[in-house]
Amino acid sequence: MRIYDIIAKKRDGGTHTRAELETLINGYVAGDVPDYQMAAWMMAVYLRGMTDEETAILTDIMARSGEMVDLSPIAGIKVDKHSTGGVGDKTTLVIAPIAAACGVKIAKMSGRGLGHTGGTIDKMESVPGTRTALTQEEFFAQVNRIGISVIGQSENIAAADKKMYALRDVTATVSCIPLIASSIMSKKLASGSDAILLDVTTGTGAFMKTVEDSVQLAKLMVSIGGHHGRKVAAMITDMDTPLGHNIGNSLEVMESMEVLKGRGPADLTEVCLQLASYMLVLAGKGTPEECRAMAQQVIADGSAFAKCKEMFAAQSGDVRVLEDYSLFDQPAAKYEVLAEADGYITANDAEKIGIASVLLGAGREKKGDPLDYAAGIILHKKRGDYVRRGESLATFCGAPERFAAAEAVYRSAFTFGPEKPSELPLIYAIVTDTGVSYFSEEK
Ligand code: URA
């Protein structure tokens, strides 16, 4: 079948066969299908959708388009975790060490920041000296020795996704459920873990803006995992408001260490405990209640923090910064963003806050831009807080010439009113192969 006919079939609402999808995806990876045809097909998928079966086949083809990592040289159950992206979302740096301290093997590949959302690898590299590119032998040996390693995703994992994601980013086809599900699950299947916990974020700072869409995406990813013999669970978490108070690379490492030391902010700590509990459940460690108690215990006795230090040390990071934050590179300047009126914060658009932090230098505006690891935002006031005129809403960290542009975007994220808004849940639901359990009412 010609590529033209494949595009026309999806444009007209048809359902693809495996052979058609293989022709398209493998042709694109080989360079035989040009970007404009792929972009046209992705827009047709965006508008017409795909059946669950089509999405599962697409995922399989994308996973096999690169290296399929075999983690069998690592003994024990390997559990992975993936977030669909967020602002101030630093949960991997907390829950991976918690799970490892509870005896679960973590052989994890993570990504860099994307758009307004941050990435674990950039955060890890803010710890001076940290190596995030290990050879496969080093990676396996470290996980066998200390139970945990988090590294950058190998170039060869899901080669199709790498090309397709870059094209989606510039053709307004990112927030499309079958394309997100196949993008995430192709990488997860190729990365080789036995079980996968997905954090499906929902709200202004997430790709999925409603709980309903998030649940649909989660169900699809859980079922794709099941078809490939992997245990998958997905937690639907709030991303209307950034998690915790710190946004930016070293700032987020500091806040994660605070959670591991038992003194992190309540929202971040709660989401991390829930995610960590379900990682342990997936590893067969017990019921959600028993697993939560285990997660709390390894924070309380210091073993989760010790595991995190051990991981950074094994990857050549200067772990002194995890104890004494003043040893991190310091920002060139700090700037207080002051409230211009009294009132309750009724909304704080997490996407705009994420963009403000990118403008400060914490993220990239163009592929390959260098990062300022010390740049970012410390939020003093979030949705639901009362502020008085002249009080600090946030501290900006970074190069002073970047403050004005970031401030304009930051201020546009906030809405104030006379009434305290009702509280939003931190976690909406958990989706497993047995169905959906809601923690609270839908938004
Ligand atoms: N994260 C991914 O890896 N892919 C998507 O499509 C969206 C979020």
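None of the values given here were measured: they were computed from a predicted structure. (Residues numbered from 1 in each chain as written. Predicted model: local features only at pLDDT ≥ 70, side-chain atom pairs only at ≥ 80, totals over all residues. Heavy atoms only, no water.)

**Some details on the overall build of the protein**
- If you tally the helices and strands in the protein, you get 17 helices and 14 strands.
- Taking 22 Å as the expected radius of gyration for a compact globule of 443 residues, we find that the protein reaches 21 Å, a close match to that expectation.
- Its C-alpha atoms give the protein principal-axis dimensions of about 65 × 50 × 40 Å.
- Taking all 443 residues of the protein together, the buried fraction comes to 57%. (Helix = DSSP H or I, 4+ residues; strand = E, 2+ residues; numbered from the N terminus. Rg over C-alpha atoms; globule rule 2.2 N^0.38 Å. Buried < 20%, exposed > 50% of the residue type's maximum accessible area, 1.4 Å probe, protein only.)

**Examining the sheet that holds strand β9 (residues 376–379)**
- Within the open sheet, the 4 strands sit side by side as β6-β9-β11-β7. Their pairing is antiparallel. Each edge of the open sheet is held by one strand with a lone partner, namely β6 (246–247) and β7 (333–338).
- As paired elements, β6 and β9 share 2 bridges and run antiparallel to each other. What sits directly across from Ile-247, in β9, is Ile-377.
- Helix α16 (residues 350–359) rests against β6 and β9 of the sheet, and its axis sits at about 135 degrees to β9. (Pairing = 2+ DSSP bridges. Contact = heavy atoms within 4.5 Å. Axes fitted to C-alpha atoms, helices over the stretch in contact; angles between N-to-C directions.)

**Observations regarding the pattern of salt bridges**
- This structure, assessed with the given rule, holds 27 salt bridges.
- Ionic pairing is found between Arg-2 and Asp-5, a salt bridge with its closest N-O pair at 3.1 Å.
- Between Asp-122 and Arg-112 there is a salt bridge, and its shortest N-O distance comes to 2.9 Å. Here the residue Asp-122 occupies a position in helix α6 (residues 120–125), and Arg-112 occupies one in the loop between β2 (106–110) and α6, the gap between them amounting to 10 residues.
- For Asp-122, a relative accessible area of 3% translates into the label buried. (Salt bridge = Lys/Arg side-chain N within 4 Å of Asp/Glu carboxyl O.)

**With respect to the sheet that holds strand β5 (residues 231–238)**
- The 5 strands are arranged β1-β4-β5-β13-β14 in an open sheet whose pairing can be described as mixed. Across the chains shown, the open sheet's two edge strands, defined by having one partner strand only, are β1 (79–83) and β14 (435–438). Shown here is a sheet whose adjacent strand axes are inclined to one another by a mean of 15 degrees, direction ignored.
- Pairing of strand β4 (residues 195–202) with β5, which is carried by 8 bridges, proceeds in the parallel orientation. Within the sheet, the bridge partner assigned to Val-200 lies in β5 and is Ile-236.
- Together, β4, β5, β13 (427–432) and β14 form the strand contacts of helix α10 (residues 211–227), whose direction differs from that of β5 by roughly 165 degrees.

**Brief notes about the packing of aromatic side chains**
- Enumeration according to the criterion identifies 8 aromatic pairs in this entry.
- When the ring of Phe-139 is compared with that of Phe-140, the centres are 6.1 Å apart and the planes differ by 35 degrees; the resulting orientation is tilted.
- Geometrically, the ring pair formed by Tyr-335 and Phe-396 is tilted, given 6.2 Å between the ring centres and 45 degrees between the ring planes. Highlighted residues: Tyr-335 in strand β7 and Phe-396 in strand β11 (residues 392–398), separated in sequence by 61 residues.
- Grouping aromatic residues by their ring pairs yields a cluster made of Tyr-335, Phe-396, Phe-403, Tyr-410, Phe-414 and Phe-416. (Phe/Tyr/Trp six-rings, centres within 6.5 Å; stacked < 30°, edge-to-face > 60°.)

**Quick look at the nonpolar core**
- In terms of nonpolar packing, the biggest core is built from 53 residues, with Ile-98, Ile-106, Met-257, Leu-260, Phe-312 and Leu-322 touching the most fellow members.
- The leading source of residues in this core is helix α12 (residues 266–282), at 10 residues. (Core = buried A, V, L, I, M, F, W, Y, C linked by side-chain atoms within 4.5 Å.)

**Focus: the domain arrangement of the protein**
- Partitioning the protein into structural domains gives domain 1 (3–49), domain 2 (79–323 + 426–438) and domain 3 (329–417).
- Relative placement of domain 1 and domain 2: their C-alpha centres are 31 Å apart.
- Each partner contributes residues to the interface: domain 1 has 13 residues there, and domain 2 has 13 residues.
- Summing the contributions of domain 1 and of domain 2, the shared interface buries around 1,100 Å²; its carbon and sulfur component is 81%. (Domains from an automatic or database assignment. Buried area = accessible area lost by both parts, 1.4 Å probe.)

**Here we look at the packing of helix α7 (residues 136–146) against helix α14 (residues 303–314)**
- Interaxial distance between α7 and α14 falls to 11 Å at its minimum, and their mutual angle equals 150 degrees. The angle between α7 and α14 falls in the class roughly antiparallel. For the pair α7 and α14, the sense of crossing is right-handed. Residues Gln-142, Arg-145 and Ile-146 of α7 form the contact with α14, whose participating residues are Lys-307, Glu-310, Met-311 and Ala-314. (Parallel < 35°, antiparallel > 145°, perpendicular 65-115°, else oblique. Left-handed = near helix turned anticlockwise from the far one by under 90°.)

**Observations regarding the environment of Gly-147**
- Tracing the sequence through the fold places Gly-147 in the loop between α7 and β3 (148–152).
- According to the relative accessible area criterion, Gly-147 is buried, its value standing at 8%.
- As a C-alpha pair, Gly-147 and Lys-105 span 42 residues in sequence and 4.9 Å in three-dimensional space.
- Excluding its chain neighbours within four sequence positions, the residues that come into contact with Gly-147 are Ala-100, Val-104, Lys-105, Ile-106 and Gln-142.

**As for the site of the ligand**
- The environment of the ligand is made up of His-82, Thr-84, Tyr-165, Arg-168, Ile-180, Ser-183, Ile-184, Lys-187 and Phe-207.
- In the model, a nitrogen atom of the ligand is placed 2.7 Å from a nitrogen or oxygen of the Ser-183 side chain.
- One of the side-chain nitrogen or oxygen atoms of Lys-187 is found 2.5 Å away from an oxygen atom of the ligand.
- A total of 240 Å² of accessible area belongs to the ligand in isolation, and the protein chains cover 93% of it. (Near = heavy atom within 4 Å. Polar contact = N/O pair within 3.5 Å; in protein donor to acceptor, adjacent residues only side chain to side chain. Areas by Shrake-Rupley, 256 points an atom, 1.4 Å probe, with all protein chains shown as cover.)

**Re the pairing of β2**
- Counting buried positions along β2 yields 5 of 5 residues, so the element is predominantly enclosed.
- Covered by surrounding structure in β2 are Ile-106, Lys-108 and Ser-110 together with Ala-107 and Met-109, the residues of both alternating faces.
- In this sheet, β3 lies alongside β2 in parallel orientation, the contact comprising 5 bridges. When the sheet's bridge partners are listed, Ser-110 is paired in β3 with Gly-152.

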